Protein chains: 2
Amino acid sequence: MADQEEEVLAEREVFRGRRLTVVERDIRVAPDRVVTWEVLKKDDSVAVVALDEEGRVHLVEEYFGAIDGRELCLPKGRIDPGESPLEAAGRELREELGLRGDLTPLCTLSLSPGYLSQRTHVFLATGLTPDPLDGDEEHSLKPATLLLDDAVRLCGDGVIREARTVAALLLAVRSAQPS
Amino acid sequence: MADQEEEVLAEREVFRGRRLTVVERDIRVAPDRVVTWEVLKKDDSVAVVALDEEGRVHLVEEYFGAIDGRELCLPKGRIDPGESPLEAAGRELREELGLRGDLTPLCTLSLSPGYLSQRTHVFLATGLTPDPLDGDEEHSLKPATLLLDDAVRLCGDGVIREARTVAALLLAVRSAQPS
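Residues numbered from 1 in each chain as written. Chains lettered and ligands numbered in written order. Predicted model: local features only at pLDDT ≥ 70, side-chain atom pairs only at ≥ 80, totals over all residues. Heavy atoms only, no water.

Q: Just checking my understanding: could you explain the nonpolar core for this structure?
A: Judged by nonpolar contacts, the single largest core of 56 residues is most densely connected at A:Val49, A:Leu106, A:Val122, A:Leu169, B:Val49, B:Val122 and B:Leu169. Every residue in contact with B:Val49, bar those within four places of it in the chain, is listed here: B:Val57, B:Leu74, B:Leu106, B:Val122, B:Phe123, B:Leu124, B:Ala125, B:Ala168, B:Leu169 and B:Ala172. (Core = buried A, V, L, I, M, F, W, Y, C linked by side-chain atoms within 4.5 Å. Buried < 20%, exposed > 50% of the residue type's maximum accessible area, 1.4 Å probe, protein only. Contact = heavy atoms within 4.5 Å.)

Q: Honestly, helix 3 (residues 163-176) of chain B in this entry has me stumped. Any pointers?
A: Because the α-helix completes a turn every 3.6 residues, residues three or four places apart line up on one side. Residues and elements named next belong to chain B. Between its terminal C-alpha atoms helix 3 stretches 20 Å, which fits the 20 Å expected from 14 residues at 1.5 Å a residue. With 11 of 14 residues buried, helix 3 is to be regarded as a mostly interior element. Looking at helix 3, one finds that the buried residues are Ala163, Arg164, Thr165, Val166, Ala167, Ala168, Leu169, Leu170, Leu171, Ala172 and Val173. (Helix = DSSP H or I, 4+ residues; strand = E, 2+ residues; numbered from the N terminus. Expected span 1.5 Å × (residues − 1).)

Q: Help me out: how do you make sense of the sheet that holds strand 2 (residues 21-30) of chain A in this one?
A: For sheets, the rule is that strands pair by backbone hydrogen bonds, running either parallel or antiparallel. Residues and elements named next belong to chain A. One open sheet accounts for three strands, arranged 1-2-3; its pairing is antiparallel. Edge positions in the sheet fall to strand 1 (7-16) and strand 3 (33-41), since each of these pairs with one other strand and no more. Put simply, the sheet's adjacent strands are angled 25° from each other on average, direction ignored. One ladder, built from nine bridges, connects strand 2 with strand 3; its direction is antiparallel. The partner of Thr21 across the bridge, within strand 3, is Lys41. (Pairing = 2+ DSSP bridges. Axes fitted to C-alpha atoms, helices over the stretch in contact; angles between N-to-C directions.)

Q: Explanation requested: unusual backbone geometry in the structure shown.
A: Across residues other than glycine, the phi torsion is negative in most instances, and most of the peptide bonds are trans. Within the chain, A:Asp68 stands out as a residue other than glycine whose phi angle is a positive 45°. Mapping A:Asp68 onto the fold places it in the loop between strand 5 (56-64) and strand 6 (69-73).

Q: Looking at this structure, I do not really get the packing of aromatic side chains. What am I missing?
A: The geometry of an aromatic ring pair is captured by two quantities: the separation of the ring centres and the angle between the planes. Under the criterion given, the structure shown has three aromatic pairs over all chains. Pairing A:Phe15 with B:Phe15 gives two aromatic rings, centres 5.4 Å apart and planes at 25°, and the pair type is stacked. Of the two residues, A:Phe15 is situated in strand 1 and B:Phe15 in strand 1 (residues 7-16); the pairing between them involves two chains. With respect to burial, A:Phe15 and B:Phe15 carry one shared label: buried. The ring of A:Tyr115 has B:Lys42 lying over it, and the distance from NZ or CZ to the ring centre is 4.6 Å. (Phe/Tyr/Trp six-rings, centres within 6.5 Å; stacked < 30°, edge-to-face > 60°. Lys NZ or Arg CZ within 6 Å of the ring centre and 35° of its normal.)

Q: When you look at the relation of the copies chain B and chain A in this model, what are you seeing that I'm missing?
A: Think of it as a corkscrew move, a rotation about one axis and a shift along it, taking one chain copy to the other. At an RMSD of 0.0 Å, chain B and chain A line up after a rotation of 180° and a shift of 0.0 Å along the axis. Such a combination of rotation and displacement between the chain copies is what one expects of a two-fold axis. Ranked by how close their C-alpha atoms come to the rotation axis, the residues of chain B are headed by B:Ala167, at 2.1 Å. Here 100% of the contact residues of chain B are again contact residues in chain A; the copies associate through an equivalent surface. (Least-squares fit on C-alpha atoms with pLDDT ≥ 70 in both.)

Q: Help me understand the interface of chain B and chain A, please; the structure alone is not making it clear to me.
A: If you look at the interface, chain B gives 67 residues, while chain A gives 67 residues. In total, chain B and chain A occlude about 6400 Å² of area from one another, counting both sides; carbon and sulfur atoms represent 56% of this. Note that B:Glu71 and A:Arg119 form a salt bridge whose closest N and O atoms lie 4.0 Å from each other. Viewed at the interface, chain A and chain B are joined by 30 residue pairs in polar contact (both at pLDDT 80 or more). (Buried area = accessible area lost by both parts, 1.4 Å probe. Salt bridge = Lys/Arg side-chain N within 4 Å of Asp/Glu carboxyl O. Polar contact = N/O pair within 3.5 Å; in protein donor to acceptor, adjacent residues only side chain to side chain.)

Rendered as structure tokens:
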């Protein structure tokens, strides 16, 4: 990649809601050019690809308010203050699926880096055992367990369509195959 | 998937910037429970996996203001008023890469459906020929052409990490393989 010549010169908060914060950034995009872009500032999050010994992946069917619909996604959530991404992933796995597992980093994904600061740290969980923990969910989640091969077939087919879930499931399959 | 019992009861705009709009939605998430969630409302966008006859994919290296860094991504952009997703994809391909191609739908991806309404319609472009069109970009894009196999190896490795790009490249490889 080329060296970065762009530079953030200033940042002003223009909206602070309960969960969303918008800032304006003045950015030098070329030696003689400064632009002002709006950015949704949101802390990084975590997600987990939980694979059991029968070759199944443990997903969550959840209602999402921004699209007013249900999607089949990885268990995921925010990183609480003081937590590492690994600790947050372990907590979310217990809260959303009632499972504990051995976690290893799979990938870190950006979402829409033009206007969204959030990155998602994705972990692979294996060696799953039951260990539920009460979470702070404001609505019901429905665990959905399916063969990883079947989940991958549903990716991009309209059933599993959340970009991070599609990306992580396909990367998990690749990491399980001999290269 | 289960029938949807959730319902959006009301929506209020709480912030309107130049490019970002935030609304509050009152949502009935259970018969006896109404929550208020913030949603970033953003129109759907398009992205293109442009594959040439030498097995190469044409990507874009771009500076992104929300992460203050460069990433290697699919050419992508918004759908202009009056455009279909297909037309928008063809225009973005000409503006960002100077190419025209035969477009077929690959998948539709959501990003972070809990707080972001945007979906991205991804197309596969083949039969590429030069046909540049001046765009409205506020900063420089750098075309980057690499073998699809090499691009896939870079997915999730820290070089290609934008979730939609990773998801779409891996889906494109799968759609090119006999099932």
